[in-house]
Amino acid sequence: MSGKRADFTHTFTATEQNTRIALAEIMTHLQTVGVPEEQAGGVEIALAEAVNNIVEHAYREVAEGRIVFRARVKANMLRVLIVDAGVELPGSTLPEGKPANLDTGLSDLPEGGFGWFMIRTLARDIRYRRFRGRNHLRLMFDLIPKVR
């Protein structure tokens, strides 16, 4: 990792368009602070799924919700904290993230259910808690060590 700052915060309004813009900015910054190019795609998929869930579900009935994204790259670890003031996850627990059943006809394929499976596959550790009226989702990713 270079001498560049290895932690940052990004705050944005929870809309589909703002999410696309924010994710592009976040991914650019993550690569400048040490997320290897080989892993950037997987990290981006997990982050996009998590943030899109917030926009679509936590803020589904809110005109303008805010998302606070905090990241820290340290050694060979990326730690991400995503905070929102939207609706609490049902039962205050993360969805199981089981793979959807694809052994069915095309018209019977499920509409959703893939996101949490992908997040759980790509992140090493996922934690959720509701604290002071806000959702706190923490994702941890192991990073590929740089060859010297």
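Residues numbered from 1 in each chain as written. Predicted model: local features only at pLDDT ≥ 70, side-chain atom pairs only at ≥ 80, totals over all residues. Heavy atoms only, no water.

**Quick look at the packing of aromatic side chains**
- As enumerated under the stated definition, the model contains one aromatic pair in all.
- Ring centres 6.1 Å apart and planes at 40° place the aromatic pair Phe 8 and Phe 69 in the tilted group. Remark: Phe 69 occurs in strand S2 (residues 66-74) and Phe 8 occurs in strand S1 (residues 7-13); sequence separation between them is 61 residues.
- By relative accessible area, Phe 8 is classed as buried at 12%.
- Under the relative-accessibility criterion, Phe 69 is labelled buried at 1%.
- The ring centre of Phe 131 lies 4.3 Å from the NZ or CZ of Arg 129, which sits over that ring. (Phe/Tyr/Trp six-rings, centres within 6.5 Å; stacked < 30°, edge-to-face > 60°. Helix = DSSP H or I, 4+ residues; strand = E, 2+ residues; numbered from the N terminus. Buried < 20%, exposed > 50% of the residue type's maximum accessible area, 1.4 Å probe, protein only. Lys NZ or Arg CZ within 6 Å of the ring centre and 35° of its normal.)

**Details of the sheet that holds S2**
- A sheet is described by the order of its strands in space; here five strands give the open sequence S1-S2-S3-S5-S4, paired in antiparallel fashion. One side of each edge strand has no neighbouring strand; the edge strands of this open sheet are S1 and strand S4 (125-131). Taking the axes of each pair of neighbouring strands and ignoring which way they run, one obtains an average angle of 15° across the sheet.
- Note: S4 against strand S5 (residues 134-142), seven bridges, orientation antiparallel. (Pairing = 2+ DSSP bridges. Axes fitted to C-alpha atoms, helices over the stretch in contact; angles between N-to-C directions.)

**Here we look at the confidence of the model for the protein**
- In this model, the protein carries an average pLDDT of 87, and 83% of its residues clear a pLDDT of 70 or more.
- When pLDDT is averaged over each element of the protein, S5 comes out on top at 97 and helix H3 (residues 115-122) at the bottom at 91.
- Counting contacts from residues 1-5, a segment whose pLDDT is below 50, to residues more than four positions away or on other chains yields eight contacts. (pLDDT = per-residue confidence, 0-100. Contact = heavy atoms within 4.5 Å.)

**Overview of the environment of Glu 61**
- Mapped onto the fold, Glu 61 is located in the loop between helix H2 (37-58) and S2.
- On the accessibility criterion, Glu 61 (74% relative accessible area) is exposed.
- Separated by 25 residues in the primary sequence, Glu 61 and Gly 86 place their C-alpha atoms 8.9 Å from one another.

**Comments concerning unusual backbone geometry**
- At Ala 75, a residue that is not glycine, the phi angle is positive and equals roughly 55°.
- Look at Ala 75 and you get exposed, because its relative accessible area is 64%.

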